Amino acid sequence: MSQATLLPVLSQPTLIAAVPGFGPTTGGNSVLLIGTNLGGATSVTFGGTPATIVSQDLFGFLITVTAPPHAAGNVPVVVTTPAGASTPANYTYVGPVVPPPPSVLAFTPPAGPTTGGTPFTIVGTNLTGASVTFDGVPAIGVNVIAGVVLTGVTPPHAAGNVPVVVTTPAGSATVAGGFTYVSPPLPTAVSITPATGPVVGGTPVVIVGTNLAGATVTIGGVPATSVVVDVTGTVLTAVTPAGVAGNAAVVVTTPAGSATVAGGFTYV
């Protein structure tokens, strides 16, 4: 009489939770699966994509896996054992956080000289990591404070209105109205005192005019020395160079242009 062989009855696996229940779309993170009858698992899938089984406990309660890559969204996690597929647990793939693009709320000043060098301030949002261009030319010394205030210095540019663009890794924002480059006003030279001096030079003179900031002076084509312009840009002092007897042209030159003093200077 033969004795029938009794085969063990396998219980259907039940998956209760995946911990953590979320992870990056790139995968590669460790996930602990908790359930019952999980022993002898042959596969684990996340939204149908196989995961790597790292370890299983002897009692069929825990499985550690490495999540595979997957598109963002919710996916079912399923454990398969010789008894069949488990009930699914939910897992959420989270895409990379995209920072919001910058915005510009205020910009000052709206204009400055073509020589550049004008300090400017931009108030906005999401300005961290920003750069600024004026008609494509990078601003100088850009500094961002708390992501909401940006300071810098304008680069040189030809006269006219130009677009101002703030750019971060998240995108760009254009300053409404842009920035207007203005040609510096031409200098004027009204008078020189005294108007005569010795041919050996060394005569202190005073030139009165307007827009004299940054000026140089030539007398008879020879540069004057010790040129100083007051803060108002209206009074210039200098010392005459040596010359030849007779009248010599006195020319004041700034980055904006030149002006000739009427009557010149007479060497005696």
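Novice: What is the right way to look at the overall build of the protein in this model?
Specialist: Of regular secondary structure, the protein possesses zero helices and 32 strands. The dimensions of the protein, computed from C-alpha atoms along their principal axes, are 150 × 35 × 25 Å. For the protein, buried positions account for 32% of its 268 residues. Taking the intrachain contacts of the protein between residues at least 6 apart in sequence as the baseline, contacts between residues at least 24 apart amount to 55%. Accessible surface, the protein: about 13600 Å² in total, of which carbon and sulfur atoms supply 67%.

Novice: Just checking my understanding: could you explain a nonpolar patch on the surface for this structure?
Specialist: On the surface, Ile-16, Val-19, Leu-32, Ile-34, Leu-58, Phe-59, Phe-61 and Leu-62 cluster together into a nonpolar patch covering about 800 Å² of accessible area. Secondary structure elements with two or more residues in the nonpolar patch: strand S1 (14–19) and strand S3 (30–36). Along the chain, the position of Phe-59 falls in the loop between strand S6 (52–56) and strand S7 (62–66).

Novice: Help me understand unusual backbone geometry, please; the structure alone is not making it clear to me.
Specialist: Working note: non-glycine residues mostly have negative phi, and peptide bonds are mostly trans. Cis peptide bonds are those with omega within 30 degrees of zero, and the linkage from Thr-108 to Pro-109 qualifies with -5°. With omega at -10°, the peptide bond leading from Thr-193 into Pro-194 counts as cis. Despite not being glycine, Ala-146 shows a phi value in the positive range, around 55°. On the accessibility criterion, Ala-146 (72% relative accessible area) is exposed.

Novice: What exactly am I supposed to notice about the sheet that holds S7 here?
Specialist: Sheet strands pair by backbone hydrogen bonding; their relative direction is either parallel or antiparallel. The strand order S1-S3-S7-S6 describes an open sheet built from four strands, whose pairing is antiparallel. Lying at the two open borders of the sheet, with one neighbouring strand each, are S1 and S6. Ignoring which end each strand starts from, the neighbouring axes of this sheet average 30° apart. As defined by bridge partners, S1 adjoins S3 across five bridges and the pair is classed as antiparallel. Across the sheet, Leu-15 pairs through a bridge with Gly-35, a residue of S3.

Novice: What exactly am I supposed to notice about the sheet that holds strand S29 (residues 246–248) here?
Specialist: Judged by pairing direction, the sheet is mixed, and its three strands sit side by side in the order S23-S32-S29 without closing on themselves. Looking at strand neighbours, the two that pair on one side only are strand S23 (196–197) and S29, the edges of this open sheet. One ladder, built from two bridges, connects S23 with strand S32 (residues 265–267); its direction is parallel. Residue pairing in the sheet places Gly-197 in a bridge with Tyr-267 of S32.

Novice: Explain the environment of Pro-100 here, please?
Specialist: You can see Pro-100 is positioned in the loop between strand S10 (89–94) and strand S11 (103–108). For Pro-100, a relative accessible area of 45% corresponds to the partly exposed category. Setting aside anything within four residues of it in sequence, one finds Pro-100 in contact with Asn-126 and Ala-170.

Novice: So what exactly am I meant to see when it comes to the packing of aromatic side chains here?
Specialist: The way to describe two aromatic rings as a pair is by their centre distance and the angle between their planes. In total, this model carries nine aromatic pairs according to the counting rule given. Ring plane angle 45° and centroid distance 6.0 Å describe the contact between Phe-107 and Phe-120, whose orientation is recorded as tilted. Highlighted residues: Phe-107 in strand S11 and Phe-120 in strand S13 (residues 119–125), separated in sequence by 13 residues. Neither residue differs from the other here; Phe-107 and Phe-120 are each classed as buried. Aromatic pair Phe-134 and Phe-179: ring centres 5.4 Å apart, planes at 85°, arrangement edge-to-face. Here the residue Phe-134 occupies a position in strand S14 (residues 131–134), and Phe-179 occupies one in strand S21 (residues 179–182), the gap between them amounting to 45 residues. On the accessibility criterion, Phe-134 (0% relative accessible area) is buried.

Cut-offs used in this document
Residues numbered from 1 in each chain as written. Predicted model: local features only at pLDDT ≥ 70, side-chain atom pairs only at ≥ 80, totals over all residues. Heavy atoms only, no water. Helix = DSSP H or I, 4+ residues; strand = E, 2+ residues; numbered from the N terminus. Buried < 20%, exposed > 50% of the residue type's maximum accessible area, 1.4 Å probe, protein only. Contact = heavy atoms within 4.5 Å. Areas by Shrake-Rupley, 256 points an atom, 1.4 Å probe, with all protein chains shown as cover. Patch = residues over 30% accessible without salt bridge, like charges linked within 9 Å, V, L, I, M, F, W, Y side chains within 5 Å. Salt bridge = Lys/Arg side-chain N within 4 Å of Asp/Glu carboxyl O. Pairing = 2+ DSSP bridges. Axes fitted to C-alpha atoms, helices over the stretch in contact; angles between N-to-C directions. Phe/Tyr/Trp six-rings, centres within 6.5 Å; stacked < 30°, edge-to-face > 60°.

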